[in-house]
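Each chain, written out:
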Amino acid sequence: MNKHFLKIGFLAAILLSTACTSDSENDDTTNLAQLQADVEELTQTARSGEWTITNFVDDGADETTDFAGYDFTFNPDGSLVADNGTSTVVGTWSITIDDHSSDDSDDDGMNDDDDDEIEFNIFFASPQSFNELSEDWDIISFSSETIQLIDDDDDGDGTTDLLTFEK
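The rules behind each value
Numbering of residues begins from 1 in every chain and follows the order in which that chain's sequence is written. Residues qualify for local features only when their pLDDT is at least 70, as the model is predicted, and side-chain atom pairs are given and counted only at 80 or more; totals for whole chains, interfaces and linings, by contrast, use all residues. The basis for the side-chain values is all heavy atoms of the structure; hydrogens and waters are excluded. Two rings from Phe, Tyr or Trp (for Trp, the six-membered ring) form a pair when their centres sit within 6.5 Å of each other. Planes less than 30 degrees apart are called stacked, planes more than 60 degrees apart edge-to-face, and all others tilted. Secondary structure elements are taken from DSSP: a helix is a run of H or I of four residues or more, a strand is a run of E of two residues or more, and numbering for both begins at the N terminus. Buried residues are those whose accessible area, probed at 1.4 Å on protein chains only, stays under 20% of the maximum for their type, while exposed residues exceed 50% and partly exposed ones sit between those limits. Two residues qualify as a contact provided that any one of their heavy atoms is within 4.5 Å of a heavy atom in the partner residue.

Where do I start with the packing of aromatic side chains in this structure?
Each pair of aromatic rings is reported with the distance of its centres and the angle of its planes. All chains considered together, the criterion is met by twelve aromatic pairs. Between the aromatic rings of Phe-74 and Trp-93, the centroid separation amounts to 5.2 Å while the plane-to-plane angle is 75°, which identifies the pairing as edge-to-face. Of this pair, Phe-74 sits in strand β3 (residues 71-74) while Trp-93 sits in strand β5 (residues 88-98), and the two are 19 residues apart along the sequence. A relative accessible area of 8% places Trp-93 in the buried class. Residues Phe-74 and Phe-120 carry aromatic rings whose centres are separated by 5.5 Å and whose planes lie at 85° to one another, so their mutual orientation is edge-to-face. Note that Phe-74 is positioned in strand β3 and Phe-120 in strand β6 (residues 117-123), a separation of 46 residues in sequence. Look at Phe-74 and you get buried, because its relative accessible area is 1%. An aromatic cluster is built from Phe-56, Phe-67, Tyr-70, Phe-72, Phe-74, Trp-93, Phe-120, Phe-124, Phe-130, Trp-137 and Phe-165, whose rings are joined through pairwise contacts.

What is the right way to look at the environment of Ile-140 in this model?
Within the secondary structure layout, Ile-140 lies in strand β7 (residues 135-142). Distance from Ile-140 to Asp-151, taken between C-alpha atoms, is 9.8 Å for residues eleven residues apart in sequence. With residues near it in sequence (within four places) discarded, Ile-140 still touches Gln-148, Leu-149, Ile-150 and Leu-162.

Have a look at this one:
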């Protein structure tokens, strides 16, 4: 009779663990599908024409005027071109999903998949003013006319960087 109870207990444990895993996997799959759809929509938005920087706050200082007169084009090949008619600066851009797997753990040591987010990656090697734009930006909001980005305190000085592109 003990064997019979052990078999029933074992089967119940398997059913419960499978049910929990399925719910969790469904949530992760739904979340990933939504993030991928958001990445595609943001990518299409960024590629939809020329943009200007209407706000850039770096370490608490408003540096928006450093980019006055520049039109930014997010090209399908990953190049980011800033042109003011006399000077052209070329960098790169991408939009990715960051799962924070290396730095988001609960007290139990398990990763928090709920913290997945979209990153708007910009890189300029030079000149220095453009290099300041080089970050893995988080998305505040975006529309067909505006892309608002934020970069929380990376260097421990308590400041937040803000970047806004507008058409």
